[in-house]
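A structural walkthrough
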Amino acid sequence: MTRLLSPTRKLYWADAYRRRFTARVVERREGRRPAVALNRTLFYPTGGGQPHDTGRLGEARVLDVVEENGVIYHILDADPGHADELAGEIDWPRRWDHMQQHSGQHLLSAAFLTLLDRPTIGFHLSPDSVTIDLPGPPPDAQDAARVLDFVQAVMAEDRPIHSYQVDEEDIDAIPLRKKPAVSGRVRVVEIENLDWSACGGTHVRSTAQIGSLIITRLERRGANTRVHFLCGGRAHRDHRRRLDVTRRLMDILTTGLEDLPAAVEQRRDEALNVQKKLRRLEKRLMELEAAALLTQAKPIGRARFVERRVMSDDANAMQKLMRGLLAHENVVALLSWQGGQTRWSLGHSLGSDLDLRQLMPALRDIPGVRGGGGPDLIQGVAADQETIQQIKSHLLAWLAEAETSFHF
Ligand SMILES: [Zn+2]
């Protein structure tokens, strides 16, 4: 028979700033990750959008904290020993961060409701993001600015944040932002005379301790909006990071903050124009190179045969030159390019009688040669430049034969 434990006393409700405590062990669970329940605790269990605390209990590290029917279990990395009483200490920087983000969330939700009549329908807090969800599309920049001005003003007022228990029958007297999901006694967190929330979380003493609050992104999610925001230390670190980045950009572009977008836009347009010009010049260069190559072409029947090893850092140079060559009539061209491996390309502009794919079976018999393509152009890889010469021999023999059959 399972013994029913009384609910764990939540010391973090009485004082969210307390870091150390001692408590009596009321249950132990063995296993790879041992767990203990205590008669009272400062460790906040995951719930209400706020993640659990971590810290130490005896000699063990607290990895996770979960609540089951009012009993809080501390999941540990090691057995805490057999002592009846354990001393605990929470990881304060983590808790303080959660308090700043959670109180900031209450204030931001109150601002969206008060100014824009937008209720909060979701709250998420994790090490790398804090968000609330609102119904409807993202507010425009002006409305978002009004919300932030409101938040800033309430933080400057240093309004106290209280928490207290209210009996179920008295709850209607409290103007809660949202009806509580649980029945029975309700814990209310109040930003004095501004916002009343049914909430079990840990909060800072007053709005000034939220430190600062910034909205980093308004994300449309289906019919709703996800507001990404940061409070306190997180907002401060984010602010510093953005300052560093903008300062570096200002140095690189030698411009002031306000002129930064225009300066970037100007550089982008310039780069696009240069790219366009470069492409035109490359095309022209290939045309000239193709024309120069054709003056040295070897006649085979009416065909003009061109062979060339392409020297370029540009992997597409071979294709560009091939296009330049095949723009002329009666050309047969064999090009190769040495990058990581030897590539070859074989094309002709002799008309529809000639199908280069007929050559492929013979070429595939040469060790190291792979490839394929269409009637006018085949390409692939080869072992080395010697192999390219073997491809050339096959091509010339095949061309001589084709000349007799087709009289080109
Ligand atoms: Zn809350």
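Residues numbered from 1 in each chain as written. Predicted model: local features only at pLDDT ≥ 70, side-chain atom pairs only at ≥ 80, totals over all residues. Heavy atoms only, no water.

Here we look at the sheet that holds strand S9 (residues 122-126)
Keep this limit in mind: When DSSP finds two or more bridges between a pair of strands, those strands are recorded as paired. Each helix is a run of DSSP H or I of at least 4 residues and each strand a run of E of at least 2, with the numbering of both proceeding from the N terminus. Helix axes are fitted only over the stretch in contact, all axes being lines through C-alpha atoms; the angle between N-to-C directions runs from 0 to 180 degrees. Should any heavy atoms of two residues lie within 4.5 Å, those residues are counted as being in contact.
Reading across from one edge, S9-S10-S15-S14 is the order of the four strands in this open sheet, with antiparallel pairing throughout. The open sheet has two edge strands with one neighbour each: S9 and strand S14 (213-221). Across the sheet, the mean angle from the axis of one strand to that of its neighbour is 20°, orientation sign disregarded. Sheet analysis places S9 next to strand S10 (residues 129-135), joined by five bridges and oriented antiparallel. Residue pairing in the sheet places Gly-122 in a bridge with Asp-133 of S10. Across the sheet, helix H2 (residues 92-116) touches S9, S10, S14 and strand S15 (224-231), and the angle it forms with S15 is around 135°. In the packing of helix H4 (residues 232-253) onto the sheet, contacts are made with S9, S10, S14 and S15, and the angle to S15 comes to roughly 90°.

A short note on the nonpolar core
As a reminder of what qualifies: Residue types Ala, Val, Leu, Ile, Met, Phe, Trp, Tyr and Cys, when buried and joined through side-chain atoms within 4.5 Å, form a set referred to as a nonpolar core. Exposure categories follow from relative accessible area, calculated using a 1.4 Å probe and restricted to protein chains: below 20% of the type maximum is buried, above 50% is exposed, and the middle band is partly exposed. Domains are outlined according to an automatic or database domain assignment.
Counting residues in each nonpolar core, the largest one holds 50 residues, and the members touching the most others are Phe-21, Leu-38, Leu-57, Leu-108, Phe-112, Ile-132 and Phe-229. The dominant element in this core, judged by the number of residues it contributes, is H2, at seven residues. Looking at which domains feed residues into this core, each of domain 1 (9-90) and domain 2 (95-252) gives three or more. If sequence neighbours within four positions are ignored, Phe-229 has contacts with Gln-101, Gly-104, Gln-105, Leu-108, Val-130, Thr-131, Ile-132, Leu-213, Ile-214, Ile-215 and Thr-216.

Concerning the environment of Ala-315
Structurally, Ala-315 is set in the loop between strand S17 (303-310) and helix H6 (317-326). Exposure remark for Ala-315: the relative accessible area of 44% places this residue in the partly exposed category.

With respect to helix H5 (residues 260-295)
What counts, and what does not: Each helix should span, by expectation, one fewer than its residue count multiplied by 1.5 Å.
With 36 residues, H5 extends 53 Å from end C-alpha to end C-alpha; this agrees with the ideal 52 Å at 1.5 Å per step. Of all the residues in H5, the buried ones are Leu-260, Ala-263, Met-286, Ala-290, Leu-293 and Leu-294.

Overview of the domain arrangement of the protein
Domain boundaries in the protein define domain 1 (9-90), domain 2 (95-252) and domain 3 (282-406). Of note, the centres of domain 2 and domain 3, computed from C-alpha atoms alone, are 68 Å apart.

What to know about the layout of surface pockets
This is how the line gets drawn: Here the term cavity refers to a set of points on a 1 Å grid, laid over the protein atoms alone, in which a 1.4 Å probe fits but cannot get out; the term pocket refers to an open set having protein on both sides within 12 Å along at least five of seven lines, with lining residues being those that place an atom within 4 Å of a point. Grid points are joined across faces, edges and corners, and a volume is the space filled by probe spheres set on the points. All residues other than Ala, Val, Leu, Ile, Met, Phe, Trp, Tyr, Cys, Pro, Asp, Glu, Lys and Arg, Gly among them, are scored as polar; the first ten of these are nonpolar and the last four charged.
Size it by volume and the largest pocket reaches roughly 850 Å³. As for the largest pocket, its lining consists of 33 residues, of which Gly-48, Ala-198, Cys-199, Gly-200 and Gly-201 are closest to the centre. Going through the elements one at a time, helix H1 (11-14), H2, S9, strand S12 (186-191) and strand S13 (195-198) are the ones with two or more residues in the lining of the largest pocket. Of the residues forming the lining of the largest pocket, the biggest block, four residues, is contributed by H2. Of the residues contributing to the lining of the largest pocket, the split by class is 12 nonpolar, 14 polar and seven charged. Viewed by domain, the lining of the largest pocket spans two of them, domain 1 (9-90) and domain 2 (95-252), each represented by three or more residues.

Observations regarding the packing of aromatic side chains
The condition is simple: Stacked, edge-to-face and tilted labels apply to pairs of Phe, Tyr and Trp rings (six-membered ring for Trp) whose centres lie within 6.5 Å, assigned for plane angles under 30 degrees, over 60, and everything in between, in that order.
Taken as a whole and assessed by the stated rule, the structure comprises six aromatic pairs. Ring centres of Tyr-17 and Trp-92 lie 6.1 Å apart, and the angle between their planes is 40°; on these two criteria the pair is classed as tilted. Placement of the pair is Tyr-17 in the loop between H1 and strand S2 (20-29) and Trp-92 in helix H2, with a sequence separation of 75 residues. Looking at Tyr-17, the relative accessible area reads 16%, which means it is buried. Ring geometry for Tyr-17 and Trp-96: centres 6.1 Å apart, planes at 55°, overall tilted. Placement of the pair is Tyr-17 in the loop between H1 and S2 and Trp-96 in helix H2, with a sequence separation of 79 residues.

Here we look at a nonpolar patch on the surface
Condition: Each patch groups residues whose relative accessible area exceeds 30% and which form no salt bridge, using 9 Å between like charges and 5 Å between nonpolar side chains of Val, Leu, Ile, Met, Phe, Trp and Tyr. Per-residue accessibility takes into account occlusion by the displayed protein chains alone, with areas from the Shrake-Rupley method and a 1.4 Å probe. What counts as a salt bridge is simple: a side-chain nitrogen of Lys or Arg found within 4 Å of a carboxyl oxygen of Asp or Glu.
A cluster of nonpolar side chains, namely Val-245, Leu-249 and Ile-252, defines an oily patch on the protein surface of about 260 Å² accessible area. Here Leu-249 lies in helix H4. The partly exposed category is assigned to Leu-249, whose relative accessible area is 32%.

Topic: the packing of H5 against H6
Short version of the rule: Angles below 35 degrees are treated as roughly parallel, those above 145 as roughly antiparallel, those between 65 and 115 as roughly perpendicular, and all remaining angles as oblique. By convention, the crossing between two helices is left-handed when the near helix turns anticlockwise from the far helix through less than a right angle, and right-handed when the turn is clockwise.
The interhelical angle for the contact between H5 and H6, taken along N-to-C directions, is 60°, at an axis separation of 8 Å. Viewed along their axes, H5 and H6 adopt a mutual orientation that is oblique. The handedness of the crossing between H5 and H6 comes out as right-handed. Of H6, the residues touching H5 (which contributes Glu-282, Met-286, Glu-289, Ala-290, Leu-293 and Leu-294) are Ala-317, Lys-320, Leu-321, Gly-324 and Leu-325. Within the contact of H5 with H6, the residues separate by chemical class into seven nonpolar, one polar and three charged.

Quick word on the pattern of salt bridges
Taken as a whole and assessed by the stated rule, the structure comprises 24 salt bridges. Across the salt bridge formed by Lys-10 and Glu-67, the nearest N and O atoms sit 3.1 Å from each other. Within this pair, whereas Lys-10 is found in strand S1 (residues 9-10), its partner Glu-67 is found in strand S6 (residues 60-68), the two being separated by 57 residues in sequence. Between Arg-177 and Asp-195 there is a salt bridge whose closest N-O contact spans 2.5 Å. A residue pair is termed long-range when its members are at least 10 positions apart, and Arg-177 in the loop between strand S11 (161-166) and S12 and Asp-195 in strand S13 qualify at 18 residues.

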